Amino acid sequence: MSMIRNFSLGKGLCALTLVMLLNACSGTQHPENLYSALGGEAGIATITDYFIVEIANDERVIAYFEDTNVERFRYFFIEHVCMLSDGPCEYTGDSLVDTHVGMNVTGAAFNAIVEDLMAAMNKADIAIGTQNRLLARMAELREQVIQL
Ligand code: HEM
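Computed from a predicted structure; not experimentally measured.

Some points on the overall build of the chain
If you tally the helices and strands in the chain, you get eight helices and zero strands. Seen in sequence order, the chain has helices and strands lined up from the N terminus as α-α-α-α-α-α-α-α. When burial is assessed residue by residue, the chain has 31% of its 148 residues classed as buried. If you take every contact in the chain between residues at least 6 apart in sequence, the share linking residues at least 24 apart comes to 72%. A total of about 9600 Å² of accessible surface is found on the chain, and carbon and sulfur atoms cover 60% of it.

A look at the environment of Asn 69
Within the secondary structure, Asn 69 is located in the loop between helix H3 (40-56) and helix H4 (70-84). Note on Asn 69: relative accessible area 47%, which makes it partly exposed. Within polar-contact distance, the side chain of Asn 69 engages the backbone nitrogen of Glu 71 at 3.0 Å. Within the local environment of Asn 69, its side chain forms a polar contact with the backbone nitrogen of Arg 72, the two atoms lying 3.1 Å apart.

Concerning the site of the ligand
Around the ligand, the structure places 21 residues, and the nearest of them are Tyr 64, Thr 68, Arg 72, Asp 94 and His 100. One nitrogen or oxygen atom from the main chain of Asp 94 is found 3.0 Å from an oxygen atom belonging to the ligand. Taking His 100, its side chain carries an N or O atom lying 2.9 Å from a nitrogen atom of the ligand. At the level of secondary structure, the elements contributing two or more residues to the shell around the ligand comprise H4, helix H5 (96-100) and helix H6 (107-123). It is H4 that provides the largest number of residues to the shell around the ligand, a total of four residues. Taken together, the residues of the shell around the ligand sort by class into 14 nonpolar, five polar and two charged.

Description of unusual backbone geometry
The phi torsion at Asp 86 lies on the positive side, around 65°, for a residue other than glycine. With a relative accessible area of 49%, Asp 86 lands in the partly exposed category. You will see that Asn 104, though not glycine, has its phi angle at about 55°, which is positive. Turning to its location among the elements, Asn 104 is positioned in the loop between H5 and H6.

Some thoughts on the packing of H6 against helix H7 (residues 128-139)
Between two packed helices, what matters for the description is the angle formed by their axes and the separation of those axes. The geometry of H6 relative to H7 is characterised by a closest axis approach of 11 Å and an angle of 150° between their N-to-C directions. As judged from the angle between their axes, H6 and H7 are roughly antiparallel. Judged by the twist between their axes, the crossing of H6 over H7 is right-handed. Here H6 contributes Phe 110, Val 114, Leu 117, Met 118, Met 121 and Asn 122 to the contact with H7, which in turn contributes Ile 128, Gln 131, Leu 134, Leu 135 and Met 138. Within the contact of H6 with H7, the residues separate by chemical class into nine nonpolar, two polar and no charged.

Thresholds, definitions, all that
- Residues numbered from 1 in each chain as written.
- Predicted model: local features only at pLDDT ≥ 70, side-chain atom pairs only at ≥ 80, totals over all residues.
- Heavy atoms only, no water.
- Helix = DSSP H or I, 4+ residues; strand = E, 2+ residues; numbered from the N terminus.
- Buried < 20%, exposed > 50% of the residue type's maximum accessible area, 1.4 Å probe, protein only.
- Contact = heavy atoms within 4.5 Å.
- Areas by Shrake-Rupley, 256 points an atom, 1.4 Å probe, with all protein chains shown as cover.
- Polar contact = N/O pair within 3.5 Å; in protein donor to acceptor, adjacent residues only side chain to side chain.
- Near = heavy atom within 4 Å.
- Nonpolar A, V, L, I, M, F, W, Y, C, P; charged D, E, K, R; others polar.
- Axes fitted to C-alpha atoms, helices over the stretch in contact; angles between N-to-C directions.
- Parallel < 35°, antiparallel > 145°, perpendicular 65-115°, else oblique.
- Left-handed = near helix turned anticlockwise from the far one by under 90°.

So, in structure tokens, the structure goes:
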């Protein structure tokens, strides 16, 4: 009897190990969609709301946003992050080049905005690995925003 129990326990452990290995493999081959990792639309909205507060309290960049319609910025920033993270959105705002042309965004201002976004993602409890995936995609847009 106890042999049978040990045997089935062993089999159970094997099955569990197999499931864990398969999960580890699928995790490597198909990382979770970035949009989902950010918490989908609700998660991105939360990040954006924290981001707006960070910007409002950041004297390094606030001057750039002096005449900005915050509701419009919020709407299109959410849409943009959704698109950038492979979410189910079409970005319908102005192009990044058209939006930021003439603003004289400096490298320092760009870095400050990145820090504000990181602070916002921390407040929204986004895992560091997920944060880095979004930041890497944003870094690729640097040239479209900095047009000195
Ligand atoms: C990769 C980095 C960035 C991304 C993805 C981004 C994205 C966006 C998006 C989607 C909008 C809304 C566009 C629209 O209204 O149609 C926007 C607006 C704006 N962005 Fe950025 N942005 C970035 C960096 C920056 C930086 C570094 C600054 C300045 C420090 C900045 C300043 C602004 C301002 C002031 C507006 C509002 C424009 C207005 O009032 O019409 N952005 N940005």
